[in-house]
Every structure is written in C-alpha cells, then in structure tokens.
Number of protein chains: 2
Amino acid sequence: MTAAGSKASWLLILALLLTLLPGLTLAEDPTWRQVDPDNLVFMELTEGPVIIELTPLFAPKTVKQFRRLVQDHFYDGLGFYRVIDGFVAQGGDGSDLGELSDVPLIKAEFEREWSAEFPYTPVQKPDLFAPETGFIDGFAVGRAPAEDKVWLTHCPGIVAMARNEDPDSSRTDFYIVIGQAPRYLDRNMNVFGRVIHGMEAVQRIRRGPATDNGIIRDDLATSRIRSMRLGSDIADEERGASYVMDTSSPGFADLLRDRRERKQRFFHHQPPQALDVCQVPMAGRVTR
Amino acid sequence: MTAAGSKASWLLILALLLTLLPGLTLAEDPTWRQVDPDNLVFMELTEGPVIIELTPLFAPKTVKQFRRLVQDHFYDGLGFYRVIDGFVAQGGDGSDLGELSDVPLIKAEFEREWSAEFPYTPVQKPDLFAPETGFIDGFAVGRAPAEDKVWLTHCPGIVAMARNEDPDSSRTDFYIVIGQAPRYLDRNMNVFGRVIHGMEAVQRIRRGPATDNGIIRDDLATSRIRSMRLGSDIADEERGASYVMDTSSPGFADLLRDRRERKQRFFHHQPPQALDVCQVPMAGRVTR
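Keep in mind that what you see is a predicted model, and the values were worked out from it rather than measured. (Residues numbered from 1 in each chain as written. Chains lettered and ligands numbered in written order. Predicted model: local features only at pLDDT ≥ 70, side-chain atom pairs only at ≥ 80, totals over all residues. Heavy atoms only, no water.)

(A) Seen up close, the overall build of chain A. Along the backbone of chain A there are five helices and 16 strands. Computed over its C-alpha atoms, the radius of gyration of chain A comes to 20 Å, within 12% of the 19 Å expected for a compact globule of 288 residues. Overall, the C-alpha framework of chain A stretches about 60 × 45 × 45 Å when taken along its three principal axes. Going through the 288 residues of chain A one by one, you find that 59% of them count as buried. For chain A, long-range pairs separated by at least 24 residues make up 69% of all intrachain contacts whose partners lie at least 6 apart in sequence. Surface accessibility of chain A: about 11,300 Å² in total, with carbon and sulfur atoms responsible for 51%. Taken as two groups, the 33 positive and 41 negative side-chain charges of chain A have centres that lie 5 Å from each other. (Helix = DSSP H or I, 4+ residues; strand = E, 2+ residues; numbered from the N terminus. Rg over C-alpha atoms; globule rule 2.2 N^0.38 Å. Buried < 20%, exposed > 50% of the residue type's maximum accessible area, 1.4 Å probe, protein only. Contact = heavy atoms within 4.5 Å. Areas by Shrake-Rupley, 256 points an atom, 1.4 Å probe, with all protein chains shown as cover. Lys, Arg positive; Asp, Glu negative; His and termini not counted. Charge placed at Lys NZ, Arg CZ, Asp CG, Glu CD.)

Written out as structure tokens, the structure reads:
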C-alpha cells in the first residue's frame, strides 16, 4: 500500500458526502437551500450546540406550540431524563411521566394527505416499512399512495413529541432519535423537526441505565438544555445562515443515484440497488 | 394525565427491552449466555470502557490477527483518526491511509458457507438488503439461501477491518459503526466483532469535520484507545462476567414476536409486521 493509495482510501469513496460544486458558495450552489429562520431552533446543550429545523408542513399544530414554548423559555434548564442508547433521548419537564402541567395537549398529526404539489423525490419502493419512501423539503418520508397518505419517518436525528396511550396526549416532552431508525413508530407520533447540525452533541447526551428503561434519577447526571431560541429571534450576525440539501435539486438526485448504483471498484460484491431513506447523509452546514 | 398514567408511559411500552425473568440471575436465565473470555476484548477509551465480542465463526483469520495485535499492545495509545457522525469511527495506526506497516495483510472473509448446524433464528424475509436476515450467536446476519451464503450485517456497534480497493488489504485499522446501518457494505468487509457494552462511550468519540471526510488532523483532538486487553488475559475478579442474549433461546423468540406484532394499545396505527435486524436492542450485561 503506497501513500498514493491513501487518496483512494475506502471511507473517501464510501461516504459519498455531498460537497460543494467547485467555485460555488453554499448560497450559490443550487444543491443547497437556506432554511427560513422561523423554522430554526437553536438548542444549547451542556454537550454543545444543536440546530433543529421545524416542519410546519407536516406538523403545524406541534410546531406552533413548540415555537411558543421556545419563546417562553420553557425548555431552558430542563434535562434529558430518559435516554436509551441506540433508541431515543427524551427531554422536557417530565409531564409525559405524569407531572402536573397546564400546557395544552396537542392533537395527533401523525400523517397527512398527499398533495401533488409536494416537492417529492422518491427513494425506495417498496421499503420494509412503507409502500415507498422519499424526501420532501429535506425530510425523509414514507408514502402510501393507495391511502393518499404521507408521513415523516423515524430516522436518526428526527425530533418528535412524546405521548401516552392517548394519541392526543402530546404536550411538551420531546425525543430525538439517536439510534437505528425505530420505524415502527412511524404514523404514531407527532414528528415535527430534525437535527440539521450538532448530532455529535446529541450523541453525547448522558444515557440512562438499560435495566431501568433509560430513566436518569440523578439530577446531577442529567444532560441539560441551557437554552433554546427561535432562529427568527436571533440577530442575523449571530445566527448566521443554515443550509440543508435541497432534496428536489438535480445534485441531490445524482447523490441518490450514486449511492444506489455503487459503481466504484471498491465493491467486490455489488450491493443490492436499494436505499434506506434513513441512511442518506443529510447533515446541514452553517456559515457565519 | 395522572401519575398512574406514568406507568404506561410510552417508552416503557415501546422499548420492550428484555429484562430478567423474575427471581433469576443472569447466569441462571436461559435467555442470556455468558461470553467466552477468549472472545472478549476490553477496550479502554478516553471516553470510557467498551467491551467487544469477537466472532471466530465468521472471521477466523481476522480474529486471529486482532487477538495477536491486542496481546502485543499494538492499539494502546492509538486514536480514532477518521470519524463521521452517523457513519463510522475508524481507528488504528493509519496504515489504511498508506502509513508504512509490516503487519501482514488479511485475506477477505466477507461471507461464509451456510451450515445447517448454525443456531440460526430467522428475523425478516425478504429484507431490503438480503433475501433474509436473522441472528447467529447474537450476531445479526444476512443470508442468501440460493447461494448457500451467510454474512455479518453492518448494524450499529459492529466492528470491522478497514481496507483499500483490494479485497485482501485489511491489516490493522478498524471501524465501529456509529450510525444508521450502512448495509451496502455487507459482504464487502471483514466484520469480526460487535460492541456488547459501552456504545455510549463509542458515541462520544470525537467526530471529524464532514467537509474533510471525517479526518481529524489535530492529534490533541483525537479520541484515544488507552488500552486493549483480551478477556482471557484478565483475572476473573477484574474481568467479571459478560452476558449477551442467547438468540436461539425461547425468551429471545418471544422478544422478536412482541416486536413484530406490537399488540400494545399505544399503537394507534398498527406498524407493518416487519423487523429491521439492526433495530433489535442487543446490549449485553456485565456482572462483577
């Protein structure tokens, strides 16, 4: 193996991360879109900064309530009290566990009607957990054409409201998926956002004991939310610009095709031409 | 929502973690098996302790070389120099990048012949990336009955040797999967173990920049392996006993059935009766 071989080193080939077109800035590159500051939440954890993109398209009621809670500083100082490695980190005031709360409940918005207007990019058909999968506005979705329904899939980094048995019992406590996509939760939860920056901080959130269902009883051992702020409440210079891949762009279509076909000589065994919608790298970029 | 409601709280229902049968210790419970210390590697990271289970059944040559390297203290002090969030953490001496090395190369052992003797528990048929999936000795596998082949799947926590384009170019550098299963790598890599304890430490490994393919150029910012030791080289009292689920036990079959059927009233929408072999919680237990 020579030093020249390093340039063909496997991770370089396999990650197929989408990089900028030569000579273009993020703002100029049609493969990237800037996120509306109204749909950005800046969450400062003890583990580092995290940026969440909200999706009013799929979860209007949940996004509305979450925005209000963020603006009321509701989450500032609260912790992640239930964290199961490979599954979810759940945070909030514990009202999901039965703590008293006068915050209104949110009606279920687990899926929505299909619309031909959606900027939909198909990915896989059939998928193991849906008749088909794809992306809409950067969000991974499942789709059931026969039912005319579409929903957000439980991929790593997805943000959703916890609830009890009653479908309409979401309120304030939320979870972030930190492990292999628990797709059996699809169409059962109010998914309302996704982490577009700082998943490495989310992955550092202190886990609870597997033998106690992930519940952390020691306040001092709990990872905390220092603050949450809505993007539109932060000055431009401080907030910077957050970019995500434009999943309806030709550049993104190329990325999907490359990942599906895997033509590199590295592949001794040709992988099946299948794509897991939750395995497409979707990290955003922030410029300041 | 009442305090009583907390007992039915959703994570409790949904995680369906396998707990001990009442009144039994791990050693007595037939759902758990103790791992042979010869197949255990204790890896002490700057982020915390990690235990790996080796599988000589699937990767005899790789396990032989890895055991020898561990016993030679080869990995002690080396770092994770290429870490991509949601994908893999790759560590070692960088020989995969072209650094000089006189450690022998390992021949490809990406899959193996099927044997009717395997303690095989089927999970999903068809799977998106294999004609079928299942478990053998706790390891998630893909199987192609028509080809008489079986292989280890790239689930989170899997440990495999890095390589260059040549299938026989594995040597010393290894990676741990830390994100959504990159199943397109199945049948293309020398997978030789899995993390059975300490994934939360692995998830704290310092990430590299996405814009530089995860490469960490700052030595001081690199997460390090303080030491690696073979289980059989550690005194019993210090090592303790490591247990993993016995995937051929009736208790594990019950767990799979519960996860497939999801009969709890929580499920407003009944999930498809499908299982992702990489989404079955497989964390081990250590007693001392």
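Back to the text.
(B) Geometry of the sheet that holds strand 1 (residues 32-34) of chain A. All names here are of chain A. Strand order in the open sheet made by the three strands is 1-15-16, with antiparallel pairing throughout. The strands lining the two open edges of the sheet, one partner per strand, are strand 1 and strand 16 (285-287). Across this sheet, the average inter-strand angle for adjacent strands is 30°, counted without regard to direction. Pairing analysis gives three bridges linking strand 1 to strand 15 (residues 241-245), with the strands arranged antiparallel. Bridging across to strand 15, Arg33 finds its partner in Val244. (Pairing = 2+ DSSP bridges. Axes fitted to C-alpha atoms, helices over the stretch in contact; angles between N-to-C directions.)

(C) Summary view of the packing of aromatic side chains. Scanning the entire structure with this criterion turns up 24 aromatic pairs over all chains. With a centroid separation of 5.5 Å and an interplanar angle of 80°, the aromatic rings of B:Trp114 and B:Phe118 are classed as edge-to-face. The exposure classification of B:Trp114 matches that of B:Phe118, with both residues buried. Put simply, the rings of A:Phe66, A:Phe74, A:Tyr75, A:Phe80, A:Phe174 and A:Phe192 pair up and form one aromatic cluster. Positioned above the aromatic ring of B:Trp114 is the side chain of B:Arg143, whose terminal nitrogen or guanidinium carbon lies 3.7 Å from the ring centre. Stacked on the ring of B:Phe139, the Lys or Arg B:Arg194 has its end atom at 4.8 Å from the ring centre. (Phe/Tyr/Trp six-rings, centres within 6.5 Å; stacked < 30°, edge-to-face > 60°. Lys NZ or Arg CZ within 6 Å of the ring centre and 35° of its normal.)

(D) Highlighting the relation of the copies chain B and chain A. Superposing chain B onto chain A takes a rotation of 180° combined with a translation of 0.0 Å along the rotation axis, leaving an RMSD of 0.0 Å. On the angle and the small slide along the axis, the relation comes out as a two-fold axis. (Least-squares fit on C-alpha atoms with pLDDT ≥ 70 in both.)

(E) Layout of the environment of A:Arg82. Residues and elements named next belong to chain A. Within the secondary structure layout, Arg82 lies in strand 4 (residues 79-83). Look at Arg82 and you get buried, because its relative accessible area is 2%. On a C-alpha basis, the gap between Arg82 and Gly214 in space is 5.0 Å, while along the polypeptide they are 132 residues apart.

(F) Seen up close, helix 5 (residues 250-261) of chain A. Residues and elements named next belong to chain A. With 12 residues, helix 5 ought to run about 16 Å at 1.5 Å a step, and its terminal C-alpha atoms sit 16 Å apart, in line with that. For helix 5, the set of buried residues is Gly251, Phe252, Leu255, Leu256 and Arg259. Angular distribution of buried residues about the axis of helix 5 spans 140°; they occupy a single face of the element. Following helix 5 by one or two positions, Arg262 adopts a phi angle in the positive range, close to 45°. (Expected span 1.5 Å × (residues − 1). Arc of directions from axis to C-beta.)

(G) Fine view of the state of the cysteines. All names here are of chain A. Summed over the entire model, instances satisfying the criterion amount to two disulfides over all chains. Each sulfur of the disulfide joining Cys155 and Cys278 lies 2.0 Å from the other. A torsion of -70° about the S-S bond marks the disulfide between Cys155 and Cys278 as left-handed. Placement of Cys155 in the loop between strand 10 (149-152) and strand 11 (158-161) and of Cys278 in the loop between helix 5 and strand 16 is noted, with a sequence separation of 123 residues between them. For the pair Cys155 and Cys278, a shared accessibility class is recorded, and that class is buried. (Disulfide = S-S within 2.5 Å.)

The values are spatial; any link to function lies outside them.
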